[in-house]
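# Structural overview
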Amino acid sequence: MTQPEQNDSDYASIVREHGAKIYNAVYCVLGNATDAEDVTQEAFLKAFRALQGFKGEASVATWLYRIAMNAANDHLRKNKRYARMREPLEGVELKLADQSDGPFENPESAFFKKERTETIKKALAKLPAKFRPVIVLKDIEGLSYKEIGSILGISIGTVESRLFRAREMLRKELTRVSN
Amino acid sequence: MGHCKKIKLAQRYADGEMAARERAVFESHAAVCGVCRAYLKEVESLKSAIGREQAANPPYLFEEKIIRLAGEMKPPRPGELFWENVGSVSRRYIPATALACLLMFFVAFAALRTDDSAATVARADIYYNFPFENHEKALLASDSESAAENLYTSLTDYSGGTDE
């Protein structure tokens, strides 16, 4: 196998292995399926171009998250969609990953689950842009403080304080909505 | 919720960011601290709610589409990746740095101009206050003794007189 073929094969396995979770992280940061698709695609194409320069200082997942979070931040800055994200996200379909109870799911429980999902989604979307990636990477992707710091280029102390403040904001928002 | 100085430790505990010994110390604190226990409970429920509810799947064959698009891309030329490697954060500072350099240039230019005008003022001062009459007399004097005397007078007049 030649070097370019080897690279292509490595790249394909990287995309297949990490594609879904990178998409999920970007989706949670942007709160919009169409944008998440575009940004994830852009991030993976950037990763393809930079693959030869990847020295393996961080894990492949950390490297990909870093590219994807930078792309998501750039996207938010360029499009100034904060205002749009603060409005109720009507008509946006949330695809739950293997969480449905299948065909036997109680309609009432499905309704409440959907409602709860929407509430959390709106609360997440109300978070300022710099707090969103921290909470997504910790509570959804389950990464460590060290990994989050490495992805976002911030210290562990900053990760901790942003996480603390983000949770406070989420808690207040969810309490407000439930009241 | 009340306040406890160790509330941030509660967060680290809930996030599994503590070593075993630290965990044991915190657990003994949490056993007597209602604020930390309440916070732990809240963080746990928030974490599980977010983690459970927000998972989204990419569109069908999304990964294959990316692989195909990457396959159609030309390999990057050497040096082409420079701007990509600079990073979005660093790129953001480039215009600000350029502006700062430009400002520094203007400040330095203005300072030089000020020095220049100070020198002009000094030259004008010499021109208007210098006692040319005596100086001319010195130049016109036939004998060297009176020339020296006139020149001395002109210089002492200009410098405000000599010490007696």
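Residues numbered from 1 in each chain as written. Chains lettered and ligands numbered in written order. Predicted model: local features only at pLDDT ≥ 70, side-chain atom pairs only at ≥ 80, totals over all residues.

## Quick look at the overall build of chain A
Going by this rule: Going along the chain from the N terminus, every DSSP run of H or I of four or more residues is numbered as a helix, and every run of E of two or more is numbered as a strand. Exposure in this text rests on C-beta crowding, where 20 or more other C-beta atoms within 10 Å of a residue's own make it buried, 12 or fewer make it exposed, and counts in between make it partly exposed. The C-beta atoms are placed from the backbone.
Regarding its fold elements, chain A presents eight helices and zero strands. Helices and strands appear in chain A in the N-to-C order α-α-α-α-α-α-α-α. Each of the 179 residues in chain A was classed as buried or not, and the buried ones make up 37%.

## A word on the overall build of chain B
Cut-off, in case you're wondering: By definition, residues are in contact whenever their C-beta atoms, placed on the basis of the backbone, come within 7 Å of each other.
In terms of regular secondary structure, chain B is built from eight helices and zero strands. With 164 residues in all, chain B has 12% of them scored as buried. Taking all contacts inside chain B whose residues are at least 6 apart in sequence as the whole, residues at least 24 apart take part in 49%.

## Side note on the confidence of the model for chain A
All names here are of chain A. Convention followed: Values of pLDDT, ranging from 0 to 100, describe the predictor's confidence in every residue of the model.
Mean pLDDT over chain A stands at 80; residues scoring 70 or higher make up 78%. Within chain A, no element has a lower average pLDDT than helix α4 (residues 82-86), which sits at 49, and none a higher one than helix α7 (residues 145-152), at 94. Counting interchain partners and residues more than four positions distant, the pLDDT-below-50 stretch residues 86-102 has 22 contacts.

## Overview of the interface of chain B and chain A
Operational definition: Each residue is assigned to one class: nonpolar for Ala, Val, Leu, Ile, Met, Phe, Trp, Tyr, Cys and Pro, charged for Asp, Glu, Lys and Arg, and polar for all the others, Gly among them.
Listed per partner, the contact involves 32 residues of chain B and 44 residues of chain A. Broken down by secondary-structure element, the contributors of at least two residues to the side of chain B that touches chain A are α1 (7-14), α3 (34-53), α4 (62-72) and α6 (88-129) of chain B. Sort the elements by how many residues they give to the side of chain B that touches chain A and α3 of chain B lands first, with nine residues. For the side of chain B that touches chain A, the residue count by class is 17 nonpolar, six polar and nine charged.

## Things to note about helix α3 (residues 60-79) of chain A
Here is the rule we go by: By definition here, a helix of n residues has an expected span of 1.5 Å times n minus one.
The first and last C-alpha atoms of α3 of chain A sit 28 Å apart over 20 residues, in line with the 28 Å expected at 1.5 Å per residue. Buried within α3 of chain A we find Trp63, Leu64, Tyr65, Ile67, Ala68, Met69, Asn70, Ala71, Ala72 and His75 of chain A.

## Structural notes on helix α6 (residues 132-140) of chain A
All names here are of chain A. Taken across its nine residues, α6 has nine buried, putting it largely inside the fold. Those residues of α6 that fall on the buried side of the exposure criterion are Arg132, Pro133, Val134, Ile135, Val136, Leu137, Lys138, Asp139 and Ile140. Looking one or two residues beyond α6, the residue adopting positive phi is glycine 142, at roughly 70°.

## Digging into the environment of lysine 46 of chain A
All names here are of chain A. By the secondary structure assignment, lysine 46 is in helix α2 (residues 33-50). We classify lysine 46 as partly exposed; it has 17 C-beta atoms within 10 Å. Sequence separation of lysine 46 and alanine 71 is 25 residues, and the distance between their C-alpha atoms is 9.4 Å.

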